[in-house]
Structures are given as structure tokens and as C-alpha cells.
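Topology and contacts: notes
The lines below spell out each chain.
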Amino acid sequence: MPNELYLAWLKEWKEKAFEAESKGYKTLKTAYNSMLDCDHEIGHPSQAIKLHGIGPVLCGRLEKRMLAHCRENNVPMPERPRQELQQDNTNEDGAPVAKKRKTSAREYIPQYRSGAFGLLVGMSDPTASLSMSKSDVVRLAKPLTDASFDVAGDSNRFFTAWNSMKTLIDRSLVTKYGNPPKYTLTETGLELSKRLRDRLDNVQRAQMGVRAPQSISVDVEVVDLAGSDESEADDLPLAGQTTVNRDSQEERSSGRLPSRARPDAVEIDASQIQLRNIPAGSYSVQLIIDNREVKTQRERDFIEQKLDAAGIALDARMLDVGDAVWIAKCQDGTEVVLDYVVERKRLDDLVSSIKDGRFKEQKFRLGRCGCEHVIYIIERYVLSSDYFAEAIRTSLAGAQVHDGCFVKHVKNLNETTDYLCKLTHQLSSRYAHRDLYVLPDRYVDSRSFVDLKARLGELHNGKCISISYDAYQGVSRKQGIMTVGDIWLKQLLCIRGLSLEKALEVRDRFPVMRDLMEAYRKLHSLENKYRLLHDTCNGSGRKAIGKALSRKVYELLHDKEPSK
């Protein structure tokens, strides 16, 4: 009976910690699992200290809860074991006082495939000499670690894998001597490196497809609907590769808004527009990277060196949307944006953008920039918690399935740069024999540009319609794209439960907030006001608005506490 009570209380505390995103959630989860696996009866709460994950503080909480439970139900309190009464100090309530437990120094074991792991295992290679220079150590360690020796990849963004060498020297696992310096393993380091190498051999024999670090990490596996990441030919998303229906996607995409949902759009006769033709061979493909994305001079130097080695000239500018785009640079100086845009996200930044809503807002603007192919590059990062694993999977899957984006997973900035090099070469090859058709800047309007581009594509037999770089920046700028209807749409999206599809349906029926408020005023019955959006915005599927959500919108707009 006490075990069931302790289990229920631990479960209650664990769920509260999860909802509050408390750091104690992991401890409570461990304690709950230990209590669940306990095969013997625990009487007094202090006896639970023998279980893994339960310490004096948690025992004290359980004892206070048990005391309250016994008083409320008029049942006797379980007796404390006599041996503990003699040895343990208790307070006036009988609750155990937390003591400082003696802790022994734990052996240092590097995380699997970390920088320190690669250095130790590499230096114990049978082909390695007893003392090695830095270049020799790095050469042997590179294949054994996911960290980069060239550019920082951790949250502080200042330390590379080689900085782990200082930790190994401080822990007397490696000795450094001489000038230029030489490095050699100590006896302790050699013993530890052999154990690490044995572990690596076991992993390789087991042929594990995914490397799992010892600390908690969120390694999101999303089905790549746009093609396999392993094939070089599939690294570049092509028209028709995705399994999403592009026609229906035009109506659903967060960026490509249907024309009927744009009451303030300007209708233009596409047949009267004269496109500028830029013949193949008269332009070169150039990569543009957002200069705000390259946060340190070291990263900028690293990226420039990598691209220069691949024969690619880097141009860093401030991009209003996206982290990288490709332009066609004409001989007369004209710059035309090609149909590809890249958004780079590290997992910790992705979690942050999901929490504060930037992910939806950026995806919305990426869809309206006019580029047909939106590519998300997701860099792996070890997170301290797995709370948001499901949110990451849902967001990326939605970006692929619902918005038709292409998602590419990489390990670090080094692989991101390699991928950009590969894409640049493929685009250069693809556009080498392709004419460009450019829409004049005067027709590029944020309210109707996406629809106009689609109509022009149909009119010109599916040819890709491009815009100039200046027009791309103008239509993508946050301040430049906002209309009254857009502001109303963004306000609707702030309401919990009102998805983009539902918000578009509301804006279709009521182009601005004033129209909705006037519709409310014309109704006399409060019940009819509650049901207004449910009755008028009767779209099918994801666009349908339920009665509860309809009432919630009314109460929020009339400064009332929403009903629960």
C-alpha cells in the first residue's frame, strides 16, 4: 500500500515539473521509475533512500506528504526503522535532515565521439608513434569524432575539438612537452584509450546506423519527402520530386496565400506583362550568405576558405529572409534571384524559434519571398533535455508535408558548408543552358506577387519566373510586406488554437477586424455571436472552426476572460 502512495505522489510531482519545464523533472522521472521497479515493500519514506534517484530531500518530501495523508485519513504513520533512528538526525517533525554525503571522485570518461574521445582513441592507434605533433594527432582523431577541428560548433561558439586537449592534459591523461610541442599518452590515458577503443570496436561490430551520445540529445529523424540525403543527385530538390501536391499546396502553404484570401491584392493582367529574357551563358551563378548568420570572424574565414577551395566566391550581404540564396549575376551588373533559398537552423535555435513563434513567422515569410524551393538545413546539437523532441519532429514534418520544404540534416557547420558547395555546383550546372525570364520590378507587389508568378508560369508553359535581387529584398522585408490584411492575419494567429488555415478562412470572410466587429454588433443574441465564426467560416477539414473556438475568439476580442 505505501508503495502505491509513493508512486502516485512521485507521478504527480513529475507531471507538475514537466508542465513547468523544471530542471527537477529528470530527477523526479528517475525516482518514479526506480519506485515503479521496486520489488519490495517500503514502509517508512526514509527507506526509499536506497532506491536510485531518491535522496534525503526527496525522502523528506515523501515523509511530509505521508504525515499529512495519515492525519487526514486517521491512520498510523509507518514506523521508522530503529537503526535509522539511532544513526540519522531528524527535525522536530520527524523528517530526515539532509546530510552532505561523501562523494568520491568520479573517473573522467569522454562522451562518445566527442573531441576528447577522438583525441584519446586516435593517439592509441596501432600506427601512431609514442609522441606526435598536433597535425598527426588531428589527422588520426578526425574520423573518430563528430566535433570539428576547424570551426567552433558548441553553444559558446569559441572552442573547437582541439580545445579538449587541454582537458586531457589537466587530467593527466596526455603529456605535452617540447617546442614545437609533442603529445604523448600517460599510462592512465593509455589504459582509458584502450577501453574507449574497445567500445568503438563493439559499436562498429554492431553496425549501429545512428551514433547516440551518452548525454541526452535530440536527434530528429524526419522522413525526407524530397529525396534521399545520401545521393548527390538528390541533394538538390527538384520540381516534382516532392510527394506533396503542389496545386493543393498553393492553397495550404503558410506563405503562398490564396488570392481570394487577399482582399487588398491588386489584380494584374498577366498576359500584358513583358518578361525580360536573359539568355543562357550570359550570367554566372553566385552564392549569397546573410552576413548576420556568420557570427564570428573565425567562422567567416573558415567558410570563405572552404568555398574558395571549391572554386566558389562568397558574397556576404544582409538578407531580409533566408540565410543563403543564389543569384544570376549578369554581364551588365543585373542580379536575378534564382528559385532556391536556404534557412539554416541549429537544433537549439530551432527549439527557441518554435517556443517564441519565430519558426512560423519565418516560414510564413519564406513562403512569400517567391522562391519555389525552400531548403531547411538542420545542424545537430546536443540538448540538455528531450522535452521538445516531439515539437521538433512535428514542426519539421509539417514544413515538409504541409509546406513542401526540403529538410537536410547535417552534423555541424563544416557539413553545412560542404552542402552549400555541392548545391552551388549543381545549380551552376543546371542553369548553364537555361534562359531566365525576369518579372519587371514594378509588378512585384507583396499582396499579389506569388499569385501573379504562378499565373505567369502557367501562361509561359511552366517556365520559371525570376525576380531581381532588389525586388526580392523589397518583397521579403518585414516592414515592406505588411498590409492591413496581413496585420489582421498576424493578430488572428496569436489566438491559441487558430491555425493558419482557420485564420485565412476568417480573413477571407472578414478582410479586416472592423468587418468582424460590425458583424458582431448586428447580432442581438449572445449565442449567435458565439457561433458567428462557426456558422460563417464553414470550411472543410483543417479550415473548419468549432463552436468552442468561435466563442473564444469573440470573448478575446471583447476583452472577456475566455471560457475553459
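Residues numbered from 1 in each chain as written. Predicted model: local features only at pLDDT ≥ 70, side-chain atom pairs only at ≥ 80, totals over all residues. Heavy atoms only, no water.

Between its first and last C-alpha atoms helix 13 (residues 389–401) spans 18 Å; for 13 residues at 1.5 Å apiece the expected length is 18 Å, and the two agree. Among all positions of helix 13, only Ala389, Ile392, Ser395, Leu396, Ala399 and Gln400 are buried. For helix 13, the angular spread of buried residues about the axis comes to 135°, placing them on one side. (Helix = DSSP H or I, 4+ residues; strand = E, 2+ residues; numbered from the N terminus. Expected span 1.5 Å × (residues − 1). Buried < 20%, exposed > 50% of the residue type's maximum accessible area, 1.4 Å probe, protein only. Arc of directions from axis to C-beta.)

Note on placement: Ser193 falls in helix 8 (residues 187–206). Discounting residues that sit within four places of it in the chain, Ser193 has contacts with Leu120, Ser124 and Leu185. (Contact = heavy atoms within 4.5 Å.)

Opposite charge on two side chains lets them pair, provided their charged atoms get close. Scanning the entire structure with this criterion turns up 24 salt bridges. Salt-bridge contacts for Arg531 lead to Asp535; the nearest nitrogen and oxygen are separated by 3.2 Å. Relative accessible area serves as the criterion here: at 40%, Asp535 is assigned to the partly exposed category. Residues joined in a network through salt bridges with shared partners are Asp315, Arg317, Lys329 and Glu335. (Salt bridge = Lys/Arg side-chain N within 4 Å of Asp/Glu carboxyl O.)

Time to look at the packing of aromatic side chains. With the rule as written, the count across this model stands at seven aromatic pairs. Grouped by ring-pair contacts, the aromatic residues Tyr520, Tyr530 and Tyr554 constitute a single cluster. Across the ring face of Tyr32, the terminal group of Lys14 is positioned such that the distance to the ring centre comes to 5.1 Å. (Phe/Tyr/Trp six-rings, centres within 6.5 Å; stacked < 30°, edge-to-face > 60°. Lys NZ or Arg CZ within 6 Å of the ring centre and 35° of its normal.)

Before going further, it helps to examine the environment of Asp39. Residue placement: Asp39 occurs in the loop between helix 2 (25–37) and helix 3 (56–73). Residues Asp39 and Asn3, 36 residues apart in the sequence, show an inter-C-alpha distance of 9.7 Å.

One finds Val341, Tyr376, Leu439 and Tyr472 to be the most contacted residues of the largest nonpolar core, which totals 37 residues. Examining the composition of this core, we find that four residues originate from one element, helix 16 (residues 469–476), more than from any other. Counting 30 residues, the second largest nonpolar core, distinct from the first, contains Leu287, Phe302, Tyr431 and Leu436. (Core = buried A, V, L, I, M, F, W, Y, C linked by side-chain atoms within 4.5 Å.)

Turning our eyes to something else, we now look at unusual backbone geometry. Residues Asn179 and Pro180 are joined by a peptide bond in cis, for which omega reads 5°. Among the structural elements, Pro180 can be located in the loop between strand 1 (174–177) and strand 2 (182–185). Of note in this structure, Asn74 is not a glycine but carries a positive phi near 55°. Along the chain, the position of Asn74 falls in the loop between helix 3 and helix 4 (82–87). One non-glycine residue, Ser172, lies in the positive phi region at around 60°. Along the chain, the position of Ser172 falls in the loop between helix 7 (164–170) and strand 1.

It is worth spelling out the pairing of strand 4 (residues 283–290) at this point. Buried residues dominate strand 4, accounting for seven of its eight residues. In this structure, strand 4 lies alongside strand 6 (residues 324–330), joined through seven bridges in antiparallel fashion. Bridge assignment links Leu287 to a residue of strand 6, and that residue is Trp326. Examined bridge by bridge, strand 4 and strand 5 (residues 314–317) share four bridges and lie parallel to one another. In the strand pairing of strand 5, Leu287 is matched with Leu314. (Pairing = 2+ DSSP bridges.)

For the rest of this paragraph, the subject is the packing of helix 19 (residues 513–522) against helix 22 (residues 547–557). Following both chains from N to C, one finds helix 19 and helix 22 inclined at 100°, their axes separated by 12 Å at the closest point. Taken as axis vectors, helix 19 and helix 22 run roughly perpendicular relative to one another. The segment helix 19 lies against helix 22, with Met513, Leu516, Met517 and Tyr520 engaging Ser550, Val553, Tyr554 and Leu557. Split by residue class, the contact of helix 19 with helix 22 holds seven nonpolar, one polar and no charged. (Axes fitted to C-alpha atoms, helices over the stretch in contact; angles between N-to-C directions. Parallel < 35°, antiparallel > 145°, perpendicular 65-115°, else oblique. Nonpolar A, V, L, I, M, F, W, Y, C, P; charged D, E, K, R; others polar.)

So, about the side chain of Thr186. By the element assignment, Thr186 lies in the loop between strand 2 and helix 8. Polar contacts involving the side chain of Thr186 include one to the main-chain carbonyl oxygen of Ser172, which spans 2.7 Å. Aside from chain neighbours lying at most four places away, what touches Thr186 is Ser172, Leu173, Val174 and Thr175. (Polar contact = N/O pair within 3.5 Å; in protein donor to acceptor, adjacent residues only side chain to side chain.)

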